[in-house]
Amino acid sequence: MADDPIVRSLASVVRNGAPLVLAAIGETFTERAGIINLSLDGSLMLSALAGLVIGINTQSVLVGALAAMLVGMIVALIVAASSIELKQNQVAVGFILTLLCRDLAIFLGKPFLNIPALSVPYFSIPILKDIPVIGPVFFDQDVFTYLSLLAIIVSWFWIFRTSPGLTLRSVGERPAATFARGKNVNRIRYLYAAVGGSLVGLGGAAYTLSVSTIWKETPNGGQISGNGWIALALVIFGGWYPLRVAFGVYLVAALRVLAGNLQGGEVPIALLNLIPWVLMILTLLAVSGPYLETLLKILPRRLHPLVRVLLRARPPAALGVAFEQEGKE
Amino acid sequence: MTPLQGSANTSQHSNRWLAQALVLIVGLLIIVGGIVAVLLLSGKDPASALNLFLQGSLGDATQRSLVVMRGLPILLAASGLLLTFSAGLWNIGIEGQMMFGAIFATIIARSVGNDTSGWIALALELILAAIGGALWALVAGVLKTKGRVNEIFGGVALNFIASNIALYILDGPWKYGARQQTAPFNAPALLPLVPDSGALSLPGIVIAIAGFVLVYLILKRSRWGLQLRAMGHSQRSAFLLGVRTERNVLLAMMACGALGGIGGALQILSPDPVSKGYLFPDSSGGIGFLALLVVLLANYQAAWVPLISLFFSLVPVGMLNLQTQIGLDPTLGRVFEEALVFIVVLANGAAARARHTMGEPD
């Protein structure tokens, strides 16, 4: 069963999707709290480098991953603090940090170009791995892939099935109401910026310690560069719902596996590389544009709930807006 | 106003400046300290590196002219961005718009023969560049107004699409030999140089300054500029006051794209050593992002943009000398510029916070 080519492709989709899942779920947490961390493209690269370098130097995957999480967390906290304490535009700060972290990673990473990093061993989970199809796809992977699966389930449960999750959602929607219920809005925002940033950092570590294990980032591109933007777009595509975000990630990963198979064929690589970005625009059009209503008019009524669940996306109402406590001196 | 209030105001002011200066000084110390540490760790002498940097950027007339010429595309793109920022738009797609300007200019430039009139060729190239940049900006604008796609994400995607289109063309129809580039353009297609001036080109300088002055006048003196600024404060209020906001978004994007497109053309139309004199995959070279940083560093104040553009071109020119002489990675120059903008934005925030806690009106 494990040798079936389709099963093997599915397993590689799940594995290659792990860094994007971690980054996009992390960003979902942060944005649900009302903070937009636009720095993903840079912070993914910088944390990936930290994971690689610290991992090599300590010969420990765990320490490497923790270092990467720390980098991701610090960057996210800077975005949060400059909004909460300094009232600066989150988009401006995030954009500057995108470029700064990216170029810092390229500069500091130059001595590590093409040096192999540590690689994480696979370990299969007993009993579960013997389930047909599902076993080899989900339960015969490495630790980063398991963490990405865990992140999907835990984030969904946390956001929609727990009391702190309810508070998290209300901080992103109606911070003033949350404040009136006696909650410290800004402390909660810091907390989820830190949690989300750590997950982004873990996603970076998943690139260098699990998916690729080699550093290839130069000013002309690499393996990681660009993925932060895709993760940010996937959060929108997912409508800020973890399960839909993860679904989007696996679609992208599946497309990449397909495109990888097409490479070397008739289609020029530049045109293949166009596809994800064209799709990004089309999906953003589908979820945020006015076309959803048009689509609903055409479709039979029975399909409406399904289409809404899959396509409707409304950002948290207070996303990107600093909270000012009234009457505070 | 009583003398007492006056002194209170002065102390509030000094508090504000103190907060700003403190963050700036600490930030600059961190940046400079970081660079010195990098140099020392890689076994290079910081003092001689600074000397090489200054020689490489300001040492002689050729180097200085290089700084000016490389600053022109930054100035043009940043001028365009002043328009979009005024209207509250984040035109991250400027990078792709510059690439499209360069591609469109190449349509003319690669077919210009040695016997063509340089002035006509140049005029056509720049007009096409403006059209190319404006069209690519229009795509982002329509996605925003009609499709409600945020211009940041639309712009990022369009940037990647533009650079892949360039790659496709340069790997296919326009390929020159085995390399991913067009054939070098003939001399009439390039900007004419002032004799014995190093790399200075008067038409290039005039166009860039004209672009900036035009934007400045639009923003400060015209009704349209007032409308854009009103939209920047609140698009909804502007709309309720009768401003045609949707049309203005498209116009501002197209104007910015046109200026960026011309900037992209200048990136490839100068003779060596300013630019290469042919189209290559990374022709926009991050200049659009750099221009966004210029406007952020200027805190959206138009008057500062020309000076900062020059400074942002001085850094890479100086770094080039460090690269050839002691093998320092020029990416360090980018890191320095980005860290500087980061620190200044934080310092502005610190000043605003000091002002806020002092109860001074914003």
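If you're wondering where the values come from, they're calculated on a predicted model, not measured in any experiment. (Residues numbered from 1 in each chain as written. Chains lettered and ligands numbered in written order. Predicted model: local features only at pLDDT ≥ 70, side-chain atom pairs only at ≥ 80, totals over all residues.)

Would you mind going over the overall build of chain B with me for this structure?
Counting secondary structure elements, chain B contains 13 helices and zero strands. Against the globule reference of 21 Å for 362 residues, chain B gives a C-alpha radius of gyration of 22 Å, in line with a compact fold. In terms of overall dimensions, chain B has a C-alpha envelope of 75 × 60 × 35 Å along the principal axes. Out of the 362 residues belonging to chain B, those deemed buried represent 52%. Taking the contacts inside chain B whose residues are at least 6 apart along the sequence as the reference set, 78% of them involve residues at least 24 apart. (Helix = DSSP H or I, 4+ residues; strand = E, 2+ residues; numbered from the N terminus. Rg over C-alpha atoms; globule rule 2.2 N^0.38 Å. Buried ≥ 20, exposed ≤ 12 C-beta atoms within 10 Å, placed from the backbone. Contact = placed C-beta atoms within 7 Å.)

Please clarify how the overall build of chain A should be interpreted in this entry.
The number of helices and strands found in chain A is 14 helices and two strands. Relative to a compact globule of 329 residues, whose C-alpha radius of gyration would be 20 Å, chain A shows 20 Å and is just as compact. Reported as C-alpha extents along the three principal axes, the dimensions of chain A are approximately 60 × 55 × 45 Å. For chain A, long-range pairs separated by at least 24 residues make up 78% of all intrachain contacts whose partners lie at least 6 apart in sequence.

Even after reading the chapter, I still don't get the interface of chain B and chain A, so can you show me in this structure?
Quite often, the size of an interface is put as the accessible area lost when its parts meet. At the interface, 36 residues of chain B touch 37 residues of chain A. Put simply, the parts of the chain that give the side of chain B that touches chain A at least two residues each are helix 6 (151-171), helix 11 (287-297) and helix 13 (331-357) of chain B. For the side of chain B that touches chain A, the leading source of residues is helix 13 of chain B, giving 14 residues.

Mind showing me how you'd approach the nonpolar core here?
One broad trend across soluble globular proteins is that nonpolar side chains are buried collectively. In this structure, Ile96 and Leu234 of chain A together with Ala105, Ala291, Val294 and Val295 of chain B are the most contacted members of the largest nonpolar core, which totals 222 residues. Non-local contacts of Ile96 of chain A, meaning those with residues more than four positions away in its chain, are made with Leu293, Leu296, Glu338, Val341, Phe342 and Val345 of chain B. (Core = buried A, V, L, I, M, F, W, Y, C linked by C-beta atoms within 7 Å.)

Hey, could you run me through unusual backbone geometry in this one?
Residues apart from glycine generally show negative phi values, whereas peptide bonds are mostly found in trans. All names here are of chain A. A positive phi angle, near 55°, is found at Gln59, a position not held by glycine. Along the chain, Gln59 turns up in the loop between helix 2 (40-58) and helix 3 (61-84). Overall, Gln59 belongs to the exposed group, with 9 C-beta atoms counted inside 10 Å. Even without being a glycine, Lys87 presents a positive backbone phi close to 55°.

Just to check I follow, could you spell out the environment of Arg16 of chain B for this structure?
Residues and elements named next belong to chain B. Residue placement: Arg16 occurs in helix 1 (residues 3-41). The exposure class assigned to Arg16 is buried, which follows from the 20 C-beta atoms found within 10 Å. Each C-alpha atom of the pair Arg16 and Val249 lies 35 Å from the other, and the pair is 233 residues apart in sequence. Each residue touching Arg16, except ones within four places of it in the same chain, is listed here: Ala351, Ala354 and Arg355.

Is there a simple way to explain the packing of helix 2 of chain A against helix 4 (residues 90-109) of chain A in this structure?
For any two helices packed against each other, the geometry comes down to the angle between their axes and how far apart the axes lie. Residues and elements named next belong to chain A. In contact at an axis separation of 7 Å, helix 2 and helix 4 are set at 30° when each is read in the N-to-C sense. Taken together, helix 2 and helix 4 sit at an angle that is classed as roughly parallel. Here helix 2 and helix 4 pass one another in a crossing that is left-handed. Counted together, Asp41, Gly42, Ser43, Met45, Leu46 and Leu49 of helix 2 and Leu97, Thr98, Leu99, Leu100, Cys101, Arg102, Leu104, Ala105, Leu108 and Gly109 of helix 4 form the full contact between these two elements. In the contact of helix 2 with helix 4, the residues fall into 10 nonpolar, four polar and two charged. (Axes fitted to C-alpha atoms, helices over the stretch in contact; angles between N-to-C directions. Parallel < 35°, antiparallel > 145°, perpendicular 65-115°, else oblique. Left-handed = near helix turned anticlockwise from the far one by under 90°. Nonpolar A, V, L, I, M, F, W, Y, C, P; charged D, E, K, R; others polar.)

Would you mind going over helix 11 (residues 242-262) of chain A with me for this structure?
Side chains that are three or four residues apart share a direction in an α-helix, a result of its 3.6 residues per turn. The end-to-end C-alpha separation of helix 11 of chain A is 30 Å, in line with the 30 Å expected for 21 residues at 1.5 Å each. In this structure, the buried side of helix 11 of chain A is in contact with helix 1 (5-32), helix 6 (143-161), helix 10 (227-237) and helix 12 (269-288) of chain A. (Expected span 1.5 Å × (residues − 1).)

What should I look at first to understand the packing of helix 3 of chain A against helix 9 (residues 185-211) of chain A in this one?
All names here are of chain A. Contact geometry of helix 3 with helix 9 gives a least axis separation of 6 Å together with a crossing angle of 140°. With respect to helix 9, the axis of helix 3 lies oblique. When the axes of helix 3 and helix 9 are compared, the crossing they make is right-handed. Here the residues of the contact of helix 3 with helix 9 are counted per class, giving 20 nonpolar, eight polar and one charged.

Quick question: what am I supposed to make of the confidence of the model for chain B here?
It should be kept in mind that the predicted coordinates are not to be read in detail where pLDDT is low. Per-residue pLDDT for chain B has a mean of 89; in total, 94% of the residues score no lower than 70. A low-confidence stretch, residues 1-8 of chain B (pLDDT under 50), is modelled with one contact involving residues beyond four sequence positions or located in other chains. (pLDDT = per-residue confidence, 0-100.)

Looking at this structure, how should I read the environment of Met319 of chain B?
By the element assignment, Met319 of chain B lies in helix 12 (residues 305-326). As a C-alpha pair, Met319 of chain B and Val38 of chain B span 281 residues in sequence and 14 Å in three-dimensional space.

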